[in-house]
Amino acid sequence: MRAAEATLDRQDQDPAEIEKLVQARTRELSAFSSHLQSFSEQEKSELARKLHDELGGLLTAAKMDLSWLQSRVQGEAIQERLSELGGVLDEAMDLKRRVVEELRPSLLDHFGFPTAVRAYVESTCAKAALSCEVSLEYAGEALPKDTAIALFRVVQAGLSNIICHSRGRNVRLVVRGDDRLCSLTLTDDGQGFDRTEAPLQSSHGLMGMRQRVSALGGNMDVSSVPGKGTTLHVQIPLARPA
């Protein structure tokens, strides 16, 4: 009985009021999503710092102790095992470095977005046997940290989609901008897709990318034609409203 009464109450509500309620809930969800993304970036940054400082220090100490042992222990078999241990420690240090870079790219903090994104795209495409072209025409001041990390994550997600799904062989990234606006275009020559058969809203990755951009007052568009590749275009204003 109560459920039926609640249904009737909702039916009697003014459509304008319902629309306002939907808009309010949408804003709340958008703000919550932005908060979660910001919190996630903070957690990644803290974890990267701990891995670099603490785990890195332990691995370095282990390498020093190993070197000390190698200089004092005799026996071909023992030296061979110590050499193998050294190889394992080298692999662990390389893994630590790669994980730290994935969590929080050091180039982004030390050299800025243009240098970091060029290095990332070129190295990632080389590993995936993709040909890439990177054009950086950004003439403004250093990007704000929140904008830089958002754009970097968008490129990461976009390039991951290209490698996993596009079957393309060529990638092109263009970054343009000044002190007022920054735009980014990522293009591939892969198989593309039909948006009517694979709506963008169904992709959580694309939804996350769009939310990052929207939280900064920007907009994102994806265009694709089957057999003719896909283009991701992002624009973010840099002059924040007063």
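Sequence order as written defines residue numbering, which begins from 1 separately in each chain. pLDDT decides what is reported in this predicted model: residues at 70 or higher carry local features, side-chain atom pairs at 80 or more are listed and counted, and totals for whole chains, interfaces and linings draw on all residues regardless. For side-chain calculations, the full set of non-hydrogen atoms in the structure is used, while hydrogens and water are omitted.

Caption draft 1: View of the layout of surface pockets. Method remark: on a 1 Å grid restricted to protein atoms, a set of points is classed as a cavity if a 1.4 Å probe fits but cannot get out and as a pocket if it is open with protein on both sides within 12 Å along at least five of seven lines; lining residues have an atom within 4 Å of a point. Grid points are joined across faces, edges and corners, and a volume is the space filled by probe spheres set on the points. Counted as a void, the largest pocket has a volume near 520 Å³. Along the walls of the largest pocket sit 17 residues, with E102, Y120, S123, T124 and K127 positioned nearest its centre. Helix and strand assignments follow DSSP, with helices taken as H or I runs no shorter than four residues and strands as E runs no shorter than two, numbered in order from the N terminus. Of all elements in the fold, only α3 (76-103), α5 (113-127) and α6 (145-166) reach the threshold of two or more residues within the lining of the largest pocket. Looking at the lining of the largest pocket, the element that brings in the most residues is α5, giving 6 residues. Each residue receives one of three labels: charged for Asp, Glu, Lys and Arg, nonpolar for Ala, Val, Leu, Ile, Met, Phe, Trp, Tyr, Cys and Pro, and polar for the others, Gly being one of them. In terms of residue class, the lining of the largest pocket is built from 8 nonpolar, 4 polar and 5 charged.

Caption draft 2: Expanded view of the side chain of R104. Examined against the element boundaries, R104 turns out to sit in the loop between α3 and α4 (106-111). A 3.5 Å cut-off defines polar contacts: any pair of N or O atoms within that distance qualifies, except that in protein one atom must be a possible hydrogen donor and the other a possible acceptor, and neighbouring residues in sequence count only when both atoms are side-chain atoms. In this structure the side chain of R104 is engaged in a polar contact, spanning 3.3 Å, whose partner is the side chain of D109.

Caption draft 3: Fine view of the pairing of strand β2 (residues 170-177). Where strand β1 (residues 131-138) lies against β2, 8 bridges are found, and the strand directions are parallel. Among the inter-strand pairings, Y138 is bridged to a residue of β2, identified as G177. As defined by bridge partners, β2 adjoins strand β3 (residues 181-188) across 7 bridges and the pair is classed as antiparallel. Across the sheet, the residue bridging to G177 is C182, located in β3. In this scheme, strands are said to pair when DSSP sees at least two bridges between them. Connecting the antiparallel pair β2 and β3 is a turn made up of 3 residues.

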